[in-house]
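Examining the three-dimensional arrangement
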Amino acid sequence: MTSSSSQPVKAVLGPTNTGKTHLAVERLTAHSSGMIGFPLRLLAREVYDRVVAIKGPAQVALVTGEERIIPPDARYLLGTMEALPIERDVAFVGIDEAQLGADPERGHVFTDRLLRARGRDETMILGSASIRGLVKTLVPEAEIVTRPRFSTLSYAGTSKLSRLPKRSAIVAFSAEEVYAIAEMLRRFSGGAAVVMGALSPRTRNSQVAMFEAGEVDYLVATDAIGMGLNLDVQHVAFASLQKFDGRRLRRLTIAEMAQIAGRAGRHQQDGSFGTVGLPQGGFTPEEVAAIEGHHFPPLPSLFWRNPAPGFGSLDQLLSDLAQPPTQPVLRPAPEAVVIAVLKHLAGDMEVRARGNDFDAVQRLWDICGLPDFEQLGAEHHSRTIFKLWQWRTSGDGTIDPDWFARRLAKLNDVEGDIDQLASRIAAVRTLCFIAQRGDWIAGAAGWTEATQALESRLSDALHAALAQRFVDRRLALLLRDAGQRNAALPVAVGPDGTVAVDGEAIGTLKGFQFKVDPVAKASDHRMLLAAAEKHLRAELARRATALAEGDDSALSLIAEPGATPRLAWHGHAVATLAKGPTLVQPAIQIDPSLRRLEPSQVQAITERLHRFIAAQLARHAGPLAAMGEAAGDLFTPPRVRALLAALTDNSGMIGRAAVEEQLNALADDERPQLRKLGFTIGSLDIFHPQLLKPEAVRWRAALIAAQQGAPVPALPPHGAVLQKAGNHVGLTIAGFRRCATGWLRIDMAEKLARQAHAARMQAAAPPTAPIAGSDDHDDDRHNAGDEAEGVAAAPPPGFVIDPALATSLGLDEETRRGLLGSFGFRSVGEPALQRWRWSGLRKPDKRPRRKPPRKGADKPPRAVVSGDLRRPPAVPKAKGKRRPPDKPRAAPPRPDRPARRSPSPNSPFAGLAALLAESRKD
């Protein structure tokens, strides 16, 4: 494209939202070829996507400093103003935002395109009306067309950040200020999208997509938003009216204010602008009137720099770049970074030594065009430029690929915070710029692909970091949901109970109980509970039906030690057991989480739980339920009913001593009724063996805890027979009795008692007659000889109880002796002989207890507690002469009876007399 006055040039000027860019795209696609230059890479990418949708990707190219997409047959080219190939011959040329010729850093590029870029058939200059006079002066042949704004822009005054209307954009002029505002918006509105010029197109598009999709209602941006980005913004709020332009902090010009404020209200929708957090509104009345009426002071001049310097020598290059413009409306461009870097390198001895080498000077200027993406300053940036220049002017003239690969690998890290990721993206943009210059590095196509792939990964990571820091998706969703009364947002409950509304987790649903996400802020709990109440009604109703109509496999008893007994559905508590009419008929208290259901549903669930309890008792503790029914049956004899009632109140087992009188009062035809129910009437306890099974014990413990309003006690392990220690209440419920050094299960104690009685009966049985021909005849003859000599061969007193059973149960000797004593057996003779005799069970002492002694007096011996099978304490004897242990106690004389005579040694009762004498001695 070349300068020419013979081709039509049209300048379309006006405020924002006049459709200038849309008109340029229409004119571009109407020609056989063309190009448009834009001020930002972001805007160039946006229009590129639009033209691709019209013409197809094979005919459209994108050219920016860091990204180049140039198909072989491309006829339409979109790019940044600096990257446009000015030598390309096309039918149409468009120059967007021409008023940026007044920008100190980049203005000379826009001015050059305004003066020299032309299309064969049409050239279109787009910009603000403030450039109208300069266009007339510099391009007198141009036809100037003014377009009115499609919508009205009005001033809305100042506002607090928390009261900004939705679909607002807040504009700040530093990254720190942008981040601070986004943080505040996250706290009370769910967050905001962030748009800055330093973002890659991928990150920027992802952030804008969040805003456009309604995921957030606010957008925080720098003044990059004013450069033609078309967003659905209804209000623009200025967080500041000052910016640092690289040299000083200054107030925005009216044209800059209008450019940014004009982003509000697109197409036919009106917009508004104002300030946030600024005293006295910030804007002066004159500025408000100018922005609302689109009346801006004309630009007095544009910046210019020689676009074609000579490369004969380094001095010539510096001289040509300092050449002043020839037209009065043009001013020399201020010293930009590229000029500062060139001057810094001009003082280097190696550069100065090659100052007359045309190729070296040309390549130095070419490399100085590498932008300082990392904002490191001219001195630091010049080091990179110098290293690249050395490679470009030596060897094969290409950059060292190893250096490039090391830099790329060092940046290949997607972890880190926002600043770290943004810094890496800026460094990757430098590598992208190098790779895009095909003659700078060998294998440029491969390096281009690698650098763009890394930039995309870092951009995705940066978007995720921005969203994580500045967007509370859950809060934004709840705020949006709260304003939609009849909205049907999708609700999903995951396998782990996670409740997600429109894909955003708000908590967990365990059974019927909803719990707010533990990481949620305390201030959000009320909204989360309201959302659950709104969206979980159908799910809770479905679960209530499943509970009421389901089978028993989903229900279970929760009897954890120290906790109240509860009923669970799929492992989640739905009810608590409480005191009921009887032990086997507990009351059911529905969990508060179910009270949100309909009353009919709650009633159905209650009835279902009652049926479950009845079924479980019939299965695991049937005898307990059976005795309860029999105790309430009027056809059961009264004495049996009384005994069964006592058994029921004690959960199916009771110490025999407590009901001995009732047991003795039973008639001969009534006792079988107990045995018919399966009860064991033991020496010490009355119990049912089935009630000692683990599941029966667990249910009995839960029923007792519910009836007493107490927590469930700790129970012994399943299958345990002997326990040295444990919770006394739990051991008693599980059917254990206290013995000397521990607790023994009552069915095992009864087994020991029966073994002892079997030994007793065997010892009391008469001896059988000897069998003819057996060896017993020898013994008879031996005994006859003894009798002939007048010596009585009496057997040892008592009988032997085999200790093998007690040993297998783990009982020590003290515990075994205590148990046998409680059964009514007493040891006789030396302890080593292990001989026992039957003395009968002691009857309970019914004598009135003595009054407690006075304070300080000696305490009496501890009374034997009922059911305590430990050896009773010894009663201290009166002081006096002690009887020798081998001397039998003399019986007091009985005057009313004649003295007993000892039977003759030959008497048949001589053996019995000896046995009785031995027992008295004991």
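Whatever comes next refers back to the structure up there.
The present account deals with the structure reproduced in this document. (Residues numbered from 1 in each chain as written. Predicted model: local features only at pLDDT ≥ 70, side-chain atom pairs only at ≥ 80, totals over all residues. Heavy atoms only, no water.)

Description of the overall build of the chain
- Within the chain, the secondary structure is distributed over 31 helices and 35 strands.
- Expressed as a percentage of its 922 residues, the buried residues of the chain come to 47%.
- Here the contacts in the chain between residues at least 6 apart in sequence split such that 68% fall between residues at least 24 apart.
- Of the roughly 47400 Å² of accessible surface on the chain, 53% is carried by carbon and sulfur atoms. (Helix = DSSP H or I, 4+ residues; strand = E, 2+ residues; numbered from the N terminus. Buried < 20%, exposed > 50% of the residue type's maximum accessible area, 1.4 Å probe, protein only. Contact = heavy atoms within 4.5 Å. Areas by Shrake-Rupley, 256 points an atom, 1.4 Å probe, with all protein chains shown as cover.)

Describing the sheet that holds strand E6 (residues 92–95)
- Spatial strand order, E4-E3-E5-E2-E6-E7-E1-E8: eight strands in an open sheet with mixed pairing. What marks the edges here is a single partner per strand, and that holds for strand E4 (68–69) and strand E8 (143–146).
- Pairing of strand E2 (residues 34–38) with E6, which is carried by four bridges, proceeds in the parallel orientation. Paired with Gly34 across the two strands is Phe92, which belongs to E6. (Pairing = 2+ DSSP bridges.)

Observations regarding the pairing of strand E24 (residues 566–569)
- As paired strands, strand E23 (residues 555–558) and E24 are joined by four bridges and run antiparallel to one another. Its bridge partner lying in E24, Ile558 is registered against Arg566.
- In this sheet, strand E25 (residues 572–582) lies alongside E24 in antiparallel orientation, the contact comprising four bridges. When the bridges of E25 are listed, Arg566 appears paired with Thr576.
- Hairpin connection of E24 to E25: two residues between the antiparallel strands, including His570 at a positive phi of 55°.

Considering the sheet that holds E25
- The strand order across the open sheet formed by four strands is E23-E24-E25-E26, and the pairing between neighbours is antiparallel. On the outer flanks of this sheet lie E23 and strand E26 (585–590), each paired with one strand and no other. The sheet shows a mean angle of 35° between the axes of neighbouring strands, taken without regard to direction. (Axes fitted to C-alpha atoms, helices over the stretch in contact; angles between N-to-C directions.)

Overview of the packing of helix H5 (residues 175–189) against helix H16 (residues 444–470)
- Two numbers describe how H5 lies on H16: the axes approach to 8 Å, and their chain directions differ by 55°. Of the possible angle classes, the one that applies to H5 and H16 is oblique. On H16, the residues that touch Tyr179, Ala182, Glu183 and Arg186 of H5 are Leu466, Gln468, Arg469 and Phe470.
- Here the contact of H5 with H16 is composed, by residue class, of four nonpolar, one polar and three charged. (Parallel < 35°, antiparallel > 145°, perpendicular 65-115°, else oblique. Nonpolar A, V, L, I, M, F, W, Y, C, P; charged D, E, K, R; others polar.)

Observations regarding the nonpolar core
- Ile170, Trp365 and Cys368 are the most contacted members of the largest nonpolar core, which totals 69 residues.
- It is helix H15 (residues 418–436) that provides the largest number of residues to this core, a total of 10 residues.
- Aside from chain neighbours lying at most four places away, what touches Trp365 is Arg305, Pro309, Phe311, Leu317, Leu321, Val338, Ile339 and Leu342.
- Formed by 63 residues, the second largest nonpolar core is a distinct cluster that contains Ile613, Ala631, Leu644 and Trp699. (Core = buried A, V, L, I, M, F, W, Y, C linked by side-chain atoms within 4.5 Å.)

Here we look at the pairing of strand E13 (residues 235–238)
- Residue alternation in E13 divides its side chains into two sets, His235 and Ala237 and Val236 and Phe238, and both sets are buried.
- Both strand E10 (residues 168–171) and E13 contribute to a ladder of four bridges, which runs parallel. Residue pairing for E13: Ile170 is matched across the bridge by Ala237.
- Pairing geometry for E13 and strand E16 (residues 271–276), over four bridges, is parallel. Paired with Ala237 across the strands is Gly274, a residue of E16.

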